[in-house]
Amino acid sequence: MAQAVWEVILDHILSAWTLWFLGYPDQGLAQSQQAVTLAQQIAHPFCLAEALFFAAMLHQCRREVRAAQERTEASILLFQEQGFPLWRAIGPLMRGWALAHQGQAQEGVAQITEGLRAFRATGVEIGRPWRLAFLAEAYSIMGQPEAGLTALAEALTLVDSTGERWCEPELYRHKGEFLLQQSSDHQAEAESAFHHALDLARNQQAKSFELRAATSLARLWQQQGKRQEAHDLLAPVYGWFTEGFDTADLKDAKALLDA
């Protein structure tokens, strides 16, 4: 019985992520919440811990820091109680991301670094590029673009060597942002990175990543005085969305369009 329910829970988890990537953040959130509810009903520790953790990951994708941390802390507690070494290792990664986005960037870097080390010690490499993006974000908040670019370089090398390309558009978008943070002289390189992120996202039909890449490129163009080009790029991407207007990504895009 538990196995059958777990398969349903896993289907909800995978659907949640897929829907977010495809540009349906609210439908993704509903699927994630269903996974947690089912796991709570069967009261199976592993099922609940994993459902909570992936719910935290979805909140991270939606840039909902507080909700991501709450789900993470709940999952960490279960992982520790039940002695799941792989999942105990991954908990600090999410906690570190949340801390960094709540004004504790140095502690966030420490937590993420420890999580990366512990996770690698388990022998599992899948998902490492995405986890390195957490570290890069924390370095960005600390104002350390060089360290962030180093983390992204490792992530992109892994993408090429492993073929794990689902997060590649976001890695290139981060690269563009870091180049701009590093120096205003890097605008051409940053623009190239944003264009590449946009092309990759479109090839993957990953609308959420496409929106982020379009917003970053449009913001750069606006700062360069190319306001019409910025609007013409971002408006159709934003206009495609039919939900998720209370999420940070769509709010950022709307604010830029209004400007």
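Residues numbered from 1 in each chain as written. Predicted model: local features only at pLDDT ≥ 70, side-chain atom pairs only at ≥ 80, totals over all residues. Heavy atoms only, no water.

Q: How should I be thinking about the pattern of salt bridges in this particular structure?
A: Pairing between side chains of opposite charge can happen when their charged atoms approach one another. Going through the model one piece at a time under the given rule, you end up with 17 salt bridges. Note that Glu 125 is salt-bridged to Arg 120, the shortest N-O span being 3.2 Å. With relative accessibility at 41%, the residue Arg 120 sits in the partly exposed group. Across the pair Glu 210 and Lys 207 runs a salt bridge whose closest N-O atoms are separated by 3.3 Å. Within this pair, Glu 210 and its partner Lys 207 are both found in helix H11 (residues 207-223), separated by 3 residues, close to a single helical turn. (Salt bridge = Lys/Arg side-chain N within 4 Å of Asp/Glu carboxyl O. Buried < 20%, exposed > 50% of the residue type's maximum accessible area, 1.4 Å probe, protein only. Helix = DSSP H or I, 4+ residues; strand = E, 2+ residues; numbered from the N terminus.)

Q: Would you mind showing me how to read the nonpolar core here?
A: As a rule of thumb, nonpolar side chains are buried together in soluble globular proteins. Grouped together as the largest cluster of nonpolar side chains are 86 residues, with contacts concentrated most on Ile 9, Met 94, Phe 134, Leu 135, Leu 171 and Leu 234. Of the residues forming this core, the biggest block, 12 residues, is contributed by helix H3 (residues 45-61). Residues within four places of Ile 9 in sequence aside, it is in contact with Ala 35, Leu 38, Ala 39, Ile 42, Cys 47 and Ala 51. (Core = buried A, V, L, I, M, F, W, Y, C linked by side-chain atoms within 4.5 Å. Contact = heavy atoms within 4.5 Å.)

Q: Explain the state of the cysteines here, please?
A: Chemically, a disulfide is nothing more than a covalent bond linking the sulfur atoms of two cysteines. Using the criterion set out here, one finds 0 disulfides in the structure. Cys 61 takes part in no disulfide bond, and the closest cysteine sulfur, belonging to Cys 167, lies 11 Å away. (Disulfide = S-S within 2.5 Å.)

Q: Can you help me understand the layout of surface pockets in this one?
A: Over the atoms a probe the size of a water molecule is rolled, and this reveals where empty space is left. In this structure, the largest pocket occupies an estimated 530 Å³ of space. Every residue lining the largest pocket is counted, 21 residues in all, and those nearest its centre are Arg 63, Glu 137, Arg 173, His 174 and Glu 177. Here the lining of the largest pocket gets 6 residues from one element, more than from any other, and that element is helix H9 (residues 168-182). In terms of residue class, the lining of the largest pocket is made up of 5 nonpolar, 7 polar and 9 charged. Roughly 430 Å³ of volume is contained in the second largest pocket. Around the second largest pocket, the lining is made up of 21 residues, and of these Trp 17, Phe 54, Ile 126, Gly 127 and Arg 131 lie nearest the centre. Among the secondary structure elements, those contributing two or more residues to the lining of the second largest pocket are helix H1 (2-22), H3, helix H5 (85-100) and helix H7 (128-142). No other element matches H5, which puts 5 residues into the lining of the second largest pocket. The class makeup of the residues in the lining of the second largest pocket is 18 nonpolar, 1 polar and 2 charged. (1 Å grid on protein atoms, 1.4 Å probe; cavity = no way out; pocket = protein on both sides within 12 Å on 5 of 7 lines; lining within 4 Å. Points joined across faces, edges and corners; volume = space filled by probe spheres on them. Nonpolar A, V, L, I, M, F, W, Y, C, P; charged D, E, K, R; others polar.)

Q: Explain the side chain of Arg 212 to me, please; I cannot follow it from the model alone.
A: As for its position among the elements, Arg 212 is in helix H11. With a relative accessible area of 9%, Arg 212 lands in the buried category. Ignoring any residue separated from it by four or fewer positions in sequence, one finds Arg 212 in contact with Trp 20, Cys 61, Arg 63, Glu 170, Arg 173 and Asp 249.

Q: What should I look at first to understand the packing of aromatic side chains in this one?
A: The relative placement of two aromatic rings is captured by the distance of their centres and the angle of their planes. Counted by the stated rule, this structure contains 15 aromatic pairs. Through pairs of rings, three or more aromatic residues link up here, namely Trp 17, Trp 20, Phe 21, Phe 53, Phe 54, Trp 130, Phe 134, Trp 166 and Phe 209. (Phe/Tyr/Trp six-rings, centres within 6.5 Å; stacked < 30°, edge-to-face > 60°.)

Q: Would you mind going over the packing of helix H6 (residues 105-121) against H7 with me for this structure?
A: When two helices pack together, you describe them by how their axes are tilted relative to each other and by the distance separating the axes. The geometry of H6 relative to H7 is characterised by a closest axis approach of 9 Å and an angle of 160° between their N-to-C directions. In terms of orientation, H6 lies roughly antiparallel with respect to H7. Helix-helix and strand crossings are classified by hand; for H6 and H7 the assignment is left-handed. On H7, the residues that touch Ala 105, Gln 106, Val 109, Ile 112, Thr 113, Leu 116, Phe 119 and Arg 120 of H6 are Arg 128, Arg 131, Leu 132, Phe 134, Leu 135, Ala 138, Tyr 139, Ile 141 and Met 142. Taken together, the residues that form the contact of H6 with H7 break down as 12 nonpolar, 2 polar and 3 charged. (Axes fitted to C-alpha atoms, helices over the stretch in contact; angles between N-to-C directions. Parallel < 35°, antiparallel > 145°, perpendicular 65-115°, else oblique. Left-handed = near helix turned anticlockwise from the far one by under 90°.)

Q: Would you mind going over helix H10 (residues 187-204) with me for this structure?
A: What sets the pattern is the α-helix's 3.6 residues per turn: residues three or four places apart point alike. For H10, spanning 18 residues, the distance from its first C-alpha to its last is 26 Å, which sits close to the expected 26 Å at 1.5 Å a residue. The set of residues buried in H10 consists of Ala 190, Glu 191, Ala 193, Phe 194, Ala 197, Leu 198, Leu 200 and Ala 201. Buried residues belonging to H10 abut H9, H11 and helix H12 (227-240). Count one or two residues on from H10 and you reach Gln 205, which has phi positive near 55°. (Expected span 1.5 Å × (residues − 1).)

Q: It is not clear to me how empty space enclosed by the protein should be interpreted in this structure. Could you clarify?
A: Throughout the structure, instances matching the rule amount to 2 cavities of 30 Å³ or more. Taken as a whole, the largest cavity holds about 60 Å³ of empty space. Lining of the largest cavity is provided by Trp 20, Pro 25, Cys 61, Arg 62, Ser 208, Leu 211, Phe 241, Thr 247, Asp 249 and Leu 250. Taken together, the elements giving at least two residues each to the lining of the largest cavity come down to H11 and helix H13 (248-258). Here the residues of the lining of the largest cavity sort into 6 nonpolar, 2 polar and 2 charged.

All we've got here are geometric facts, nothing functional implied.
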